[in-house]
Amino acid sequence: MSGWHHSTPLPPAWPPDRFEVRSTRPVPDGAAADRYHFPQTAHEAASRLRDVRFATQIQVVRIEDGVTLFDLVSGVEIPVEHW
């Protein structure tokens, strides 16, 4: 049974989040922020929010350095290949 105990923690099962999709939605939802690891998934989430016109403000920010990659209000949309 001693083989069941580990002295070091196991590595995380999921990769760390790299992108945050921020949005402002109508009340009662208000503001929301969702995090994603893969750039394609973050871009798809932002694009869908834009396409369904559910959110009034949408931003995608790279968590590592705080660079805005997508911003609905200011018209910033860096191609996903460069995220």
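Before any of the text, the structure's been laid out above.
Residues numbered from 1 in each chain as written. Predicted model: local features only at pLDDT ≥ 70, side-chain atom pairs only at ≥ 80, totals over all residues. Heavy atoms only, no water.

Student: Would you mind showing me how to read the environment of His43 here?
Tutor: Within the secondary structure layout, His43 lies in helix α1 (residues 39–51). Residues His43 and Arg18, spaced 25 residues apart in sequence, show a C-alpha to C-alpha distance of 12 Å. With sequence-adjacent residues up to four places away left out, His43 is seen in contact with Glu77, Val80 and Trp83. (Helix = DSSP H or I, 4+ residues; strand = E, 2+ residues; numbered from the N terminus. Contact = heavy atoms within 4.5 Å.)

Student: Sorry, what's going on with the side chain of Glu20 here?
Tutor: The residue Glu20 is located in strand β1 (residues 19–24) in this model. Glu20 sits in the buried class, given a relative accessible area of 12%. A distance of 2.7 Å separates the side chain of Glu20 from the side chain of Arg22, its partner in a polar contact. For Glu20, the side chain forms a polar contact with the side chain of Arg35, separated by 3.0 Å. When residues no more than four places from it in sequence are discounted, the contact partners of Glu20 are Ala33, Asp34, Arg35, Gln59, Val60, Val61 and Ile63. (Buried < 20%, exposed > 50% of the residue type's maximum accessible area, 1.4 Å probe, protein only. Polar contact = N/O pair within 3.5 Å; in protein donor to acceptor, adjacent residues only side chain to side chain.)

Student: Whenever I open this one, α1 confuses me. Can you help?
Tutor: For an α-helix, 3.6 residues make a turn, and residues three or four places apart therefore share a direction. Helix length check: α1 (13 residues) gives 18 Å between terminal C-alpha atoms against 18 Å at 1.5 Å per residue, within 8%. Here α1 has its buried residues at Pro39, Ala42, Ala45, Ala46, Ser47 and Leu49. Contacts made by the buried residues of α1 are with β1, β2 (31–36), β3 (57–62) and β4 (68–71). Among the residues trailing α1, Arg53 stands out with phi positive, at a value near 55°. (Expected span 1.5 Å × (residues − 1).)

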